Amino acid sequence: MIPALLSNYAPTDLSFEKGEGAYLFGNDGRRYLDFAAGIAVTSLGHAHPNVVKAITDQAAKLWHVSNLFRIPGQEELAAKLVDATFADAVYFCNSGAEANECGLKMIRKYFSENGQAERYRVIAFEGSFHGRTLATIAAAGQDKLLEGFGPAMDGFDHIPVGDIKAVKAAITPETAGVIIEPIMGEGGIKVVDPEFMRALRTLCDEEGLLLMFDEIQTGMGRTGKLFAYEHLGMVPDIMSSAKALGNGFPVGACLAVEKVAKCMTVGTHGSTYGGNPLAMAVAGAVVDTMTEPGFLDRVTQIGGHLKQSLNGVIDRYPSVLEELRGVGLHLGLKCRVENTDLLNALKSQGVLAAKGGDNVVRLLAPLIIEEQQISEFVEALEKACEELV
Ligand SMILES: *Cc1c(COP(=O)(O)O)cnc(C)c1O
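Residues numbered from 1 in each chain as written. Predicted model: local features only at pLDDT ≥ 70, side-chain atom pairs only at ≥ 80, totals over all residues. Heavy atoms only, no water.

> Explain the site of the ligand residue by residue, including any values.
Near the ligand you find 13 residues, and of these Gly96, Ala97, Asp214, Gln217 and Lys243 are the closest. The backbone of glycine 96 places a nitrogen or oxygen atom 2.8 Å from an oxygen atom of the ligand. In this structure, a nitrogen atom belonging to the ligand sits 2.7 Å away from a side-chain N or O atom of aspartate 214. Burial of the ligand by the protein chains amounts to 81% of its free accessible area of 390 Å². With three residues, the top contributor of residues to the shell around the ligand is helix α4 (residues 96–113). (Near = heavy atom within 4 Å. Polar contact = N/O pair within 3.5 Å; in protein donor to acceptor, adjacent residues only side chain to side chain. Areas by Shrake-Rupley, 256 points an atom, 1.4 Å probe, with all protein chains shown as cover. Helix = DSSP H or I, 4+ residues; strand = E, 2+ residues; numbered from the N terminus.)

> Before we move on, can you summarise the packing of aromatic side chains with the specific residues and values?
Describing an aromatic ring pair means giving the distance of the ring centres and the angle of the ring planes. One pass over the structure, following the stated rule, counts five aromatic pairs. Aromatic side chains phenylalanine 16 and tyrosine 32 sit 6.1 Å apart centroid to centroid with 85° between the ring planes, which places their arrangement in the edge-to-face category. One end of the pair, phenylalanine 16, is in strand β1 (residues 16–20); the other, tyrosine 32, is in strand β3 (residues 31–34), with 16 residues separating them in the sequence. On the basis of relative accessibility, which here comes to 33%, the residue phenylalanine 16 falls in the partly exposed class. On the basis of relative accessible area, tyrosine 32 is assigned to the buried category, the value being 2%. With a centroid separation of 5.8 Å and 85° between ring planes, the pair formed by phenylalanine 125 and phenylalanine 196 is classed as edge-to-face. Placement of the pair is phenylalanine 125 in strand β5 (residues 121–125) and phenylalanine 196 in helix α8 (residues 194–207), with a sequence separation of 71 residues. A residue is classified by how much of its surface remains accessible, and phenylalanine 196, at 4% relative accessible area, is buried. For the cation-ring pair, lysine 18 lies above phenylalanine 25, with the distance from its terminal atom to the ring centre recorded as 5.1 Å. (Phe/Tyr/Trp six-rings, centres within 6.5 Å; stacked < 30°, edge-to-face > 60°. Buried < 20%, exposed > 50% of the residue type's maximum accessible area, 1.4 Å probe, protein only. Lys NZ or Arg CZ within 6 Å of the ring centre and 35° of its normal.)

> So what's going on with the packing of helix α12 (residues 339–348) against helix α13 (residues 371–388)? Residues and values would help.
Here α12 crosses α13 at 125°, and the two axes come no closer than 9 Å. By the angle class used here, α12 and α13 are oblique. The interaxial crossing formed by α12 with α13 has right-handed handedness. Here α12 contributes Asp341, Leu342, Ala345, Leu346 and Ser348 to the contact with α13, which in turn contributes Ala380, Leu381, Ala384, Glu387 and Leu388. Residue composition of the contact of α12 with α13, by class: seven nonpolar, one polar and two charged. (Axes fitted to C-alpha atoms, helices over the stretch in contact; angles between N-to-C directions. Parallel < 35°, antiparallel > 145°, perpendicular 65-115°, else oblique. Left-handed = near helix turned anticlockwise from the far one by under 90°. Contact = heavy atoms within 4.5 Å. Nonpolar A, V, L, I, M, F, W, Y, C, P; charged D, E, K, R; others polar.)

> Can you break down the pairing of β3 residue by residue, with the values?
Where strand β2 (residues 23–26) lies against β3, three bridges are found, and the strand directions are antiparallel. Within β3, the position partnered with phenylalanine 25 by the bridge is arginine 31. Adjacent in sequence and paired antiparallel, β2 and β3 are bridged by four residues, among which glycine 29 carries a positive phi angle near 85°. One ladder, built from two bridges, connects β3 with strand β15 (residues 351–352); its direction is parallel. Note that in β15 the partner of leucine 33 across the bridge is valine 351. (Pairing = 2+ DSSP bridges.)

> Lay out the nonpolar core with the relevant residues and their values.
Counting 112 residues, the largest nonpolar core has Phe377 and Leu381 as the members making the most contacts within it. If you tally residues by element for this core, the top one is helix α11 (residues 295–316), at eight residues. The residues that make up this core include at least three from each of domain 1 (16–34 + 293–388) and domain 2 (50–290). (Core = buried A, V, L, I, M, F, W, Y, C linked by side-chain atoms within 4.5 Å. Domains from an automatic or database assignment.)

> Talk me through the sheet that holds strand β6 (residues 156–159); I want residue IDs and the actual numbers.
The seven strands are arranged β4-β12-β11-β10-β7-β5-β6 in an open sheet whose pairing can be described as mixed. Both outer strands of the open sheet, β4 (89–93) and β6, are each paired with one neighbouring strand and no more. Recorded for the sheet is a direction-independent mean angle of 20° between the axes of neighbouring strands. Bridge count between β4 and strand β12 (residues 252–256): five bridges; the pairing is antiparallel.

> Before we move on, can you summarise the domain arrangement of the chain with the specific residues and values?
Its domain assignment divides the chain into domain 1 (16–34 + 293–388) and domain 2 (50–290). For domain 1 versus domain 2, the distance between C-alpha centres works out to 28 Å. The partner domain 2 presents 20 residues to the 21 residues of domain 1 that form the contact. Between domain 1 and domain 2, a total of about 1600 Å² is buried, with carbon and sulfur atoms accounting for 61% of that surface. Contact with domain 2 buries surface across domain 1, with Leu296, His330 and Arg362 losing the most and accounting together for 40% of the total. On inspection of domain 1 and its partner domain 2, the count reaches one salt bridge. Among the salt bridges present, the one from arginine 362 reaches glutamate 186, with a minimum N-O distance of 2.9 Å. Between the two partners, domain 1 and domain 2, sit eight residue pairs in polar contact (both at pLDDT 80 or more). (Buried area = accessible area lost by both parts, 1.4 Å probe. Salt bridge = Lys/Arg side-chain N within 4 Å of Asp/Glu carboxyl O.)

> Now, about the side chain of histidine 330: what can you tell me, with residues and values included?
Within the secondary structure layout, histidine 330 lies in strand β14 (residues 330–335). According to the relative accessible area criterion, histidine 330 is buried, its value standing at 0%. Here the side chain of histidine 330 touches glutamine 217 through a polar contact of 3.2 Å, side chain to side chain.

Shown next as structure tokens:
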């Protein structure tokens, strides 16, 4: 007999009863400081009052009607996101992979609508991550995601990140666009060189290609801006969002500029659950909270403080920690020991973090983190390092 639950995950033997702000309360009777945040999802912390109120009020009124009917919450949230970003229109779905699927379909549809249906290929980057659907595993530059699932979906060309000449060389008459994470999250918080990002924008403009950012992990305040592209002094044509957009309620969004968005006409795309009233109420509360004056500046300030403290720990434990990467509160500690050993040592100190590629421990503190909790984290990290020396 196999377990009733599919064995596709390998969870730590720990479960939780409830969460409050930056803390989780385990069924083992212990309190944990949560720097995993459900993998950059619960950015407002657990049980944030604005989000609890939004979902509770909406749950008592109306959950779902389908997209056969107008959903005012979609129109309101789309307007807020358009106001706050480069985009002219927004499509709502239920997850990150779906948001990327929509963006990838948009790239193809744009060229098809403009009489160039032969242009469908997308340049993507080695080591990237875009989700687990058949199209998004083909888009990601990781063979292990594709193993066992037959021929990869056609239409992606992979290039090492940071090499603009290689991107240029990969462009053919069939190339339609480029998809990139401004910071490779699952890959180990690898910040892509801003110069390379700007060069990509210029190249896309010269070649008439669409530039799509996957901001599923970097977006919604994680880097101290609502979206990471704001650090770069440039904008993409298409952008996916999910993770922290719902603070734990499943919701995703694909944002696009007008020339692209207008190609997605009636019947070209859709989702039964996509943008239902419950999801819109929650995501609306998240966006409102994060765009309150001072909220994002505080993320930058406290992220700087955390970074400074962490660099001190790296200096004291060079045999355990190699370097700190990231922007704002999107941080990764590259380890000299096994990252899982550091994660376990942190857990025994009452602190949770998330594993990342390239032997990195991702530190994804909730954006509402306070100085006191940063001190608590740093103290736990010191003890964990001491144990591993
Ligand atoms: C998490 C993530 C995804 C996939 O999102 P799901 O909600 O798991 O489908 C895609 N891209 C990036 C950059 C992510 O971090």
